[in-house]
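Residue-level structural notes
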Amino acid sequence: MITYQIVQSNDYKKVLKLKNYCFRPAYEGKRLEDFMHWVNVSTIQGAFDQEELVSQLIILPLQMTVFGVPYDMGGIGFVSTYPEYRNAGIMKQVLLRSLETMRERGQLLSVLSPFSVSFYRHFGWELFFDKVQYELPAQQLVPSGKTIGNIHRIDELDPDFDHWFSKIKTFYNEQIAIQNGRMIREDDWWQRLLRRTPGTSFAVYTDELGKVVGYIRYTIQNLTLELLDFNAINYESQQNLWQFIQSHTAEVEKIIGEASNQESFGTNFLNPQFQQQIVQDKMIRIIDVERFLCSYPFEKIDEPLYLNVQDKQAEWNNQVFKIEHEGQVTIVKTPKNEAMLTMDIGKLSALMVGYHSLDWYVFRKEASGSDKTINQWSNALPKGYPSFYDYF
């Protein structure tokens, strides 16, 4: 008989054993150290066959921004089931229980990287970020001209690494506070990035006053420069960082990295005809609609808004919500049907973080309401595309 429960610390060796079977090769060294750190600070939803842990997922305690508002978020990772227990509905039960667990812990959003989009759609997660994976021949980089400011190149072996690393973290946090759909990186997440990518270097761009206005995090191996982070405050700092990257043409043959598809990445270059692939590998779900709406930064509410949410997996969301002028949210038992916006939880989740406009969902028959209702909601929703690059 299968039982379901939160995995306790005395079973963490079983967590590692199951992870190693399903995600190979087995972790060693700093990567193992990092995994066990997150096992200790996360919630692990598990299924047991007597004493054996046969299925699990790890809920990492993280945060992300939605139009500048920080939300507690459950990052779902290491979804694992032994092969002899698959296709028996066990992971379904683990996922359903994870929704209840995240709600209890105040994690109002959840993000994951799906092995199957259709599988997670069934449970209410939906795609919300399109990125471009690019491979740029180094010789196609053209210097933008004279640099204004200074580049500081550092790695973990430098004596002043802690000083610059602190500046990088401060700059990142300031930037994402005004951006949308970015993950907030606490100190242990920054340490995770260092542990999982040994040999990482940073290039920090400062203006004439010494203020950080951009940085990249990158590695160089096998004649390839891989950009792991690229954050710049404006076009000038972006172009100066690209000029620094261009200076590596003697050491590398290509540059690889990721960018938001919304940025029209190729237009940064004189010849944009290089390999670019659109990847959709991030899904989001609102865990608790009522509490999410209470913190949501609506722009303009002239009349009360009504939202009819259809959520087959979380009955607490399967409600009609009323949003007042002041942002107050209540559950309505006898709503005015003609005034309601009706959406499935997955499509609603993507809409609320800015993936597409409401008209896009209406056109696809994934949102319904009167013309007046659609117009009211369109005016109330903030605009801005999400950019979520972190993995767990």
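Below you will find a few notes about this structure. Note that the structure is predicted; figures quoted are calculated from it, not measured.

Cut-off values and rules
- Residues numbered from 1 in each chain as written.
- Predicted model: local features only at pLDDT ≥ 70, side-chain atom pairs only at ≥ 80, totals over all residues.
- Heavy atoms only, no water.
- Helix = DSSP H or I, 4+ residues; strand = E, 2+ residues; numbered from the N terminus.
- Rg over C-alpha atoms; globule rule 2.2 N^0.38 Å.
- Buried < 20%, exposed > 50% of the residue type's maximum accessible area, 1.4 Å probe, protein only.
- Contact = heavy atoms within 4.5 Å.
- Pairing = 2+ DSSP bridges.
- Axes fitted to C-alpha atoms, helices over the stretch in contact; angles between N-to-C directions.
- Core = buried A, V, L, I, M, F, W, Y, C linked by side-chain atoms within 4.5 Å.
- 1 Å grid on protein atoms, 1.4 Å probe; cavity = no way out; pocket = protein on both sides within 12 Å on 5 of 7 lines; lining within 4 Å.
- Points joined across faces, edges and corners; volume = space filled by probe spheres on them.
- Expected span 1.5 Å × (residues − 1).
- Arc of directions from axis to C-beta.
- Polar contact = N/O pair within 3.5 Å; in protein donor to acceptor, adjacent residues only side chain to side chain.
- Phe/Tyr/Trp six-rings, centres within 6.5 Å; stacked < 30°, edge-to-face > 60°.
- Lys NZ or Arg CZ within 6 Å of the ring centre and 35° of its normal.

This part takes up the overall build of the protein. Of regular secondary structure, the protein possesses eleven helices and 20 strands. By the compact-globule yardstick of 21 Å for 392 residues, the protein fits well, its C-alpha radius of gyration being 23 Å. By principal-axis analysis of the C-alpha atoms, the protein measures approximately 65 × 55 × 35 Å. For the protein, the residues scored as buried account for 52% of the 392 residues in total. Here the contacts in the protein between residues at least 6 apart in sequence split such that 72% fall between residues at least 24 apart.

This part takes up the sheet that holds strand S13 (residues 254–260). Sheet architecture is open: seven strands sit in the order S8-S10-S11-S12-S13-S7-S14, paired in mixed fashion. Strands with a single pairing partner mark the edges of an open sheet, and in this sheet they are strand S8 (150–155) and strand S14 (275–279). For this sheet, the mean inter-axis angle between neighbouring strands, taken without regard to orientation, is 20 degrees. Bridging between strand S12 (residues 224–232) and S13 involves three bridges; their strand directions are parallel. Looking at S13, one finds that Leu225 is bridged to Ile255. Running over the sheet, helix H5 (residues 161–176) touches S8, strand S10 (201–206), strand S11 (212–221) and S12 and is turned about 115 degrees from S11. The sheet strands contacting helix H7 (residues 235–246) are strand S7 (131–137), S8, S10, S11, S12 and S13, and the helix crosses S12 at an angle near 165 degrees.

Here we come to the nonpolar core. Counting 101 residues, the largest nonpolar core has Trp125, Phe128, Leu293, Phe298 and Met352 as the members making the most contacts within it. Ranked by the residues each element gives to this core, the list is headed by strand S3 (residues 52–66), at nine residues. Among the nonpolar cores identified, the runner-up in size contains 21 residues, and Tyr205, Leu225, Trp242 and Phe269 belong to it.

The next thing to look at is the layout of surface pockets. Its boundaries defined by the atoms lining it, the second largest pocket holds a volume of some 250 Å³. Forming the boundary of the second largest pocket are 19 residues, of which Gly354, Tyr355, His356, Ser357 and Lys383 lie nearest the centre. For the lining of the second largest pocket, the secondary-structure elements that each account for two or more residues are helix H9 (345–352) and helix H10 (358–363).

Helix length check: H5 (16 residues) gives 22 Å between terminal C-alpha atoms against 22 Å at 1.5 Å per residue, within 8%. Every buried residue of H5 is accounted for by Phe161, Trp164, Phe165, Ile168, Lys169, Phe171, Tyr172, Gln175 and Ile176. Mapping the buried residues of H5 onto a view down its axis gives an arc of 165 degrees, with all of them on the same face.

Here the focus is the sheet that holds strand S17 (residues 320–323). Pairing between sheet strands relies on hydrogen bonds along the backbone, with the strands arranged either parallel or antiparallel. One open sheet holds the five strands; their spatial order is S18-S17-S16-S19-S20, and the pairing between them is mixed. Edge positions in the sheet fall to strand S18 (329–331) and strand S20 (367–368), since each of these pairs with one other strand and no more. Relative to strand S19 (residues 340–344), strand S16 (residues 305–310) is paired through five bridges, and the arrangement is parallel. Its bridge partner being in S19, Val309 is matched across the sheet by Met343. Sheet contacts for H9: S16 and S19; angle to S19, the most-contacted strand, approximately 110 degrees.

Structurally, Val252 is set in the loop between H7 and S13. Excluding residues within four positions of it along the chain, Val252 makes contact with Ala138, Ile220, Leu223, Thr224 and Leu225.

With respect to the element layout, Tyr385 can be found in the segment after helix H11 (371–380). For Tyr385, a relative accessible area of 16% puts it in the buried group. For Tyr385 and Asp130, which are 255 residues apart along the polypeptide, the C-alpha to C-alpha distance reads 9.7 Å. In this structure the side chain of Tyr385 is engaged in a polar contact, spanning 2.8 Å, whose partner is the backbone nitrogen of Asp130.

On to the side chain of Glu366. Secondary-structure assignment places Glu366 in the loop between H10 and S20. A relative accessible area of 18% means that Glu366 is categorised as buried. At a separation of 3.2 Å, a polar atom in the side chain of Glu366 contacts the side chain of Arg364. The contacts of Glu366, once residues within four sequence positions are left out, are Thr342, Met343, Lys347, Trp360 and Tyr361.

A few words on the packing of aromatic side chains. Summed over all chains, the structure comprises 38 aromatic pairs. For the pair Phe171 and Tyr215, a centre-to-centre distance of 6.2 Å together with 85 degrees between the ring planes defines the contact as edge-to-face. Of this pair, Phe171 sits in helix H5 while Tyr215 sits in strand S11, and the two are 44 residues apart along the sequence. Judged by its relative accessible area of 0%, Tyr215 is buried. With a centroid separation of 5.0 Å and 85 degrees between ring planes, the pair formed by Trp360 and Tyr361 is classed as edge-to-face. Its relative accessible area of 1% is what places Tyr361 among the buried residues. Counting every residue linked through ring pairs, the aromatic cluster contains Phe67, Tyr71, Phe292, Tyr296, Phe298 and Trp377. Lying over the aromatic face of Tyr21, Arg24 brings its terminal NZ or CZ to 4.5 Å of the ring centre. Sitting over the ring of Trp190, Arg185 keeps its end group 4.8 Å from the ring centre.

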